[in-house]
Amino acid sequence: MPQFVPNMNISDCWSSVGNITFYHRNGKCYWRFKQYSVFTGTALQMEHQQVHLRALAAWRTLPQQIQRQWSEYAKTVTSHRPPFLHENHISGHNLFVSAYHGFATLGNEHIPIAQPFESFPQFIANFVSSEVINGTDLLLHFSLCLGGTEVPLRYRLLGKIQLCESGKGCHPGKLRNFLSIETTQIPTNTRKITFSIPDYRSVWNLDLQEYTLHIRYLLLDTVTGYRNTFQKLSCSLSL
């Protein structure tokens, strides 16, 4: 661990520059080379990464006046991450990327058009039942209730789901995205939806009779691609 020696131009160093990281120990400054590793994610994680790279590339193709329009619309959008203060808003770049990801999740990946962020309806999902199809695929049935909207089918439910051993808590890194399937196309504010998990045992590498189901669920706007803040639900599951 080589020590950094101050000089007339630089008296001390922090953080990283290029492939070198500076750090302090016992009041002295040292440096070392940063180590890099290749990201080896799952197929779904790699696919998500490719979508994100395409979203970033798409943003760079936008004319400056369109980017400014996204920034104007973003001024009224509260961040969906802590501390959730109304005075904190996201950037136009983040709003664009969020819409791009939203449409990609809906199976309609394209460059979104800048649109104002509209308030989402109140919503709650309740677990109803589960069933295993063909011995491998898991269906999770929920009821979804929306309030304050005349077009309930405008919104799809995205579930970030984890199955784990009975009684275990949620591990955010093991949540997997699944888009809801409409059981019926009746435009009512309370309707039945289903999440289909193909070969569910291999997703979390578990083969049990009793599980704990953790789900963080949120709404996706099929018109704008925007999403709202998630809600959480946990319950026992017997298969």
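Above: the structure in question.
These numbers were taken from a predicted model, which means no experiment stands behind them.

Chemist: Is there a simple way to explain the sheet that holds strand β5 (residues 137–147) in this structure?
Modeler: Two modes of strand pairing occur in sheets, parallel and antiparallel, and in both the strands are linked by backbone hydrogen bonds. Read from one edge to the other, the open sheet built from four strands follows the order β4-β5-β9-β8, with strand pairing classed as antiparallel. Edge positions in the sheet fall to β4 (122–133) and β8 (181–182), since each has one partner strand and no second. Sheet topology places β5 next to strand β9 (residues 190–197); eight bridges connect them, and they run antiparallel. Its bridge partner lying in β9, Ser143 is registered against Lys192.

Chemist: What is the right way to look at the packing of aromatic side chains in this model?
Modeler: Geometry of an aromatic ring pair is reported as the spacing of the ring centres plus the angle between the planes. One pass over the structure, following the stated rule, counts twelve aromatic pairs. When the ring of Trp59 is compared with that of Phe96, the centres are 5.4 Å apart and the planes differ by 55 degrees; the resulting orientation is tilted. With Trp59 in helix α1 (residues 43–61) and Phe96 in helix α3 (residues 92–105), this residue pair connects regions lying 37 residues apart in the sequence. These aromatic residues form a ring-pair network of at least three members: Trp59, Trp70, Phe96 and Tyr100. Looking at Arg32, its charged tip hangs above the ring of Tyr23, at a distance of 4.5 Å from the centre.

Chemist: Would you explain the nonpolar core in this entry?
Modeler: Nonpolar side chains in soluble globular proteins tend to end up buried together. Ranked by internal contacts, the top residues of the largest apolar core, which has 42 residues, are Trp70, Leu140, Phe142, Leu157, Ile161 and Phe195. Not counting residues within four places of it along the chain, the set of residues in contact with Leu157 comprises Phe123, Ala125, Leu144, Phe178, Leu179, Ser180, Ile193, Phe195, Tyr217, Leu218 and Leu219. By size, the runner-up hydrophobic cluster in this structure holds five residues, among which are Phe103, Leu106, Leu158 and Leu220.

Chemist: Mind showing me how you'd approach the pairing of β9 here?
Modeler: Within a regular beta strand, the side chains point alternately toward one face of the sheet and then the other, so they alternate between its two faces. When β8 meets β9, the two strands line up antiparallel, connected through two bridges. Note that in β9 the partner of Ile181 across the bridge is Thr194.

Each value, and the rule that gives it
Residues numbered from 1 in each chain as written. Predicted model: local features only at pLDDT ≥ 70, side-chain atom pairs only at ≥ 80, totals over all residues. Heavy atoms only, no water. Pairing = 2+ DSSP bridges. Helix = DSSP H or I, 4+ residues; strand = E, 2+ residues; numbered from the N terminus. Phe/Tyr/Trp six-rings, centres within 6.5 Å; stacked < 30°, edge-to-face > 60°. Lys NZ or Arg CZ within 6 Å of the ring centre and 35° of its normal. Core = buried A, V, L, I, M, F, W, Y, C linked by side-chain atoms within 4.5 Å. Buried < 20%, exposed > 50% of the residue type's maximum accessible area, 1.4 Å probe, protein only. Contact = heavy atoms within 4.5 Å.

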